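Here's the letter readout for the chains.
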Amino acid sequence: MSGYGLGKNSPVILSQSRQNFDALIQRHGQYVRWRTARKCTCVREETGQPDVHCEKCGMSGEIYGYQKFYDETLRLPARDNILELPAENANCEVLKVYDAYGNDFQAVKTGQFVEITSGPRPLNKNEIVELLIRDTVVRRLESAVLERVGNGYYRVPGVETPPSKLEGVYYQAEGDVIAAGRVENSAGETVGVTGYRQNMIQLDPAVPEAGTLTAYGIDFILPFKFVVLSQNLNKDDSLQLQLAKGEAVCTYPYMFNVGFGDVITVLSGTMPGKTLLPHAGDDADDVIFEYFVARIDKLETQAGEYREGVDFILAGTNRIHWTGEKRPEAGAFMSISYQYRPTYRVAKNIPQLRTSEDQRLPRKVILQSFAAFQESRRLNQNG
């Protein structure tokens, strides 16, 4: 309903429900990778500077992680004292059940249903009650046969978002693998894990390539749906963007705690990049100084051109791993054209009302470009 012509005393109420705002984010949002930032204990209180010898934060003063759970309030009708949870919240923990008058009720959760067992009064038929729940963003894949990428990296299938529903568009965003219980080879022997990057598990490169490797108890986090805009902003957001010298405004659901220093990588699109790098030589990987390279379009030296998938592969988010016999000479400059996923750092939270008509509204932050790659930050490593 349009608000045109409605005065402040109009009896018409414009609904700004959380469901409407969440639907807006789901429809217009982009899949993003969101890493939370916290200060490292090496930061000196008197100067605010990190210890230049700290290996934990890589001298950055910040340690990156994930928000692994969130609290949310649901409003549901009680039918014969039974509440049915939305399918996406079937595995949540119910913290509290209460009515519009603040009365608490005892309840027992079984699967997707919550039964109210006792309370200060009987509930009316189809009466709306509120549930405070705690849900996790970490998902579990019981097992997966790993797909070899190269140089010790193995892709975990099945940790992607559902395909896009838009006609003519096929797109799936990759989740982040953050842990695995164990990895076994075809003989049932345990193989050591050395790290995690994006949807890949990193093993010792010395592990024989022959045979099947299976991972068990895989924990992963799917990308989040946030709205990242740099154009067509409203007047207030545009002013905040200018004052903070930012490059984009990010809108996100209220239950997430995005804060200063957090890092957001847009997965739904790429930007072109170009660079010149000297080849490291021998068996060393060449590193492109971007956090998340999606693909390499062209790589050439004065001696010739090299093809991805034939002469080299892109491994571990930004590493060129040489696989073929055709390689540049050590020190030869390589001209590289590539596509990368833009990465931003949260510069400021936009203060605003978090509720309207008793509904929690999405929140906003100002983003600045974050392109100063440092491997020591461990930003492109999981776990």
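Residues numbered from 1 in each chain as written. Predicted model: local features only at pLDDT ≥ 70, side-chain atom pairs only at ≥ 80, totals over all residues. Heavy atoms only, no water.

**Considerations on the overall build of the chain**
Short version of the rule: Helical segments are the DSSP runs of H or I of at least four residues, strand segments are the runs of E of at least two, and each set is numbered from the N terminus. Think of it in three bands: with a 1.4 Å probe and only protein chains considered, a residue is buried below 20% of the maximum accessible area for its type, exposed above 50%, and partly exposed in between. For accessible areas, the Shrake-Rupley method is used with a probe of radius 1.4 Å. Any residue's cover is judged against the shown protein chains and nothing else.
Within the chain, the secondary structure is distributed over two helices and 30 strands. The proportion of buried residues among the 383 residues of the chain is 45%. If you sum the accessible surface of the chain, you get close to 21,400 Å²; carbon and sulfur atoms cover 48% of it.

**Here we look at the packing of aromatic side chains**
Under the convention used in this document: Paired rings are identified among Phe, Tyr and Trp, the last through its six-membered ring, by centres lying within 6.5 Å, and are further divided according to the angle between planes into stacked (under 30 degrees), edge-to-face (over 60) and tilted (the rest).
Following the criterion strictly, the structure yields 12 aromatic pairs and no others. Ring centres 5.6 Å apart and planes at 10 degrees place the aromatic pair Tyr291 and Phe370 in the stacked group. Here Phe370 lies in the segment after β30 (363-369) and Tyr291 lies in the loop between β21 (286-287) and β22 (293-301), a separation of 79 residues in the sequence. Since its relative accessible area comes to 2%, Tyr291 is described here as buried. Relative to Trp322, the ring of Tyr306 has its centre 5.5 Å away and its plane inclined at 85 degrees; by these criteria the two rings are edge-to-face. Of this pair, Tyr306 sits in strand β23 (residues 304-306) while Trp322 sits in strand β25 (residues 319-322), and the two are 16 residues apart along the sequence.

**Here's the deal with the confidence of the model for the chain**
Detailed reading of predicted coordinates is not advised where the pLDDT is low. Our working rule: Every residue gets a pLDDT, meaning the predictor's confidence in that residue, from 0 to 100. A contact between two residues is defined here by any heavy atoms of the two lying within 4.5 Å.
Within the chain, residue pLDDT values average 86, and 89% of them lie at 70 or more. Of all helices and strands in the chain, the one with the weakest mean pLDDT is strand β28 (residues 355-356) (50), whereas strand β16 (residues 214-221) scores best (96). Considering only residues more than four positions removed or in separate chains, one finds that residues 1-16, a stretch of pLDDT under 50, has 15 contacts.

**A closer look at the pattern of salt bridges**
Using the following cut-off: By salt bridge we mean one thing: a side-chain nitrogen of Lys or Arg within 4 Å of a carboxyl oxygen of Asp or Glu.
The full count for this structure, using the stated rule, is 12 salt bridges. In this structure, the salt-bridge partner of Glu62 is Arg345, at a minimum N-O distance of 2.6 Å. In this pair, Glu62 is assigned in strand β2 (residues 62-65) and Arg345 in strand β27 (residues 343-350), connecting sequence segments 283 residues apart. Residue classification places Glu62 among the buried positions, given a relative accessible area of 5%. Between Arg182 and Glu184 there is a salt bridge, with the nearest N and O atoms lying 2.8 Å from each other. Since its relative accessible area comes to 37%, Arg182 is described here as partly exposed. Among the charged side chains, a salt-bridge network with shared partners connects Asp99, Arg121 and Glu127.

**Remarks on the sheet that holds strand β11 (residues 153-155)**
What links the strands of a sheet is backbone hydrogen bonding, and the strands pair in either a parallel or an antiparallel sense. The test is simple: Strands qualify as paired when DSSP identifies two bridges or more between them. Each axis is a line fitted through C-alpha atoms, taken for helices only over the stretch in contact, and angles between the N-to-C directions span 0 to 180 degrees.
The antiparallel open sheet is built from four strands, whose spatial order is β10-β11-β15-β14. In the strand order of this sheet, the two ends are held by β10 (147-150) and β14 (193-197), each with one partner. Neighbour-to-neighbour, the strand axes of this sheet turn through a mean angle of 30 degrees, independent of strand direction. Pairing of β11 with strand β15 (residues 200-203), which is carried by three bridges, proceeds in the antiparallel orientation. Bridge pairing in β15 places Tyr153 opposite Gln202.

**Describing the side chain of Lys364**
Quick reminder of the rule: Residues adjacent in sequence count toward polar contacts only when both atoms are side-chain atoms; beyond that, a polar contact is any pair of N or O atoms within 3.5 Å, and within protein one must be able to donate a hydrogen and the other to accept it.
Structurally, Lys364 is set in strand β30. In this structure Lys364 comes out as buried when scored by relative accessible area, which is 18%. Here the side chain of Lys364 touches Asp237 through a polar contact of 2.6 Å, side chain to side chain.

**What to know about the sheet that holds strand β24 (residues 312-315)**
Pairing is antiparallel across the open sheet formed by three strands, whose spatial order is β21-β25-β24. Every other strand in the sheet has two partners, leaving β21 and β24 as the edge strands with one partner each. As paired strands, β24 and β25 are joined by four bridges and run antiparallel to one another. The residue bridging Phe312 from the neighbouring strand is Trp322, located in β25.

**Describing helix α2 (residues 235-243)**
In plain terms, the rule: Taken from the helix axis, the directions to the C-beta atoms give the arc we talk about.
Taken as a whole, α2 has its buried residues at Asp237, Gln240 and Leu241. In an axial view of α2, the angular spread of the buried residues amounts to 100 degrees, which keeps them on one side of the axis. Exposed residues on α2 whose side chains face more than 90 degrees from its buried face are Lys235, Asp236, Gln242 and Leu243. Residues of α2 that are buried make contact with β18 (248-252), β27 and β30. Lys245 lies just past α2 and shows a positive phi near 55 degrees.

**Overview of the environment of Pro208**
By the secondary structure assignment, Pro208 is in the loop between β15 and β16. For the pair Pro208 and Gly152, spaced 56 residues apart in the sequence, the C-alpha separation amounts to 9.7 Å.

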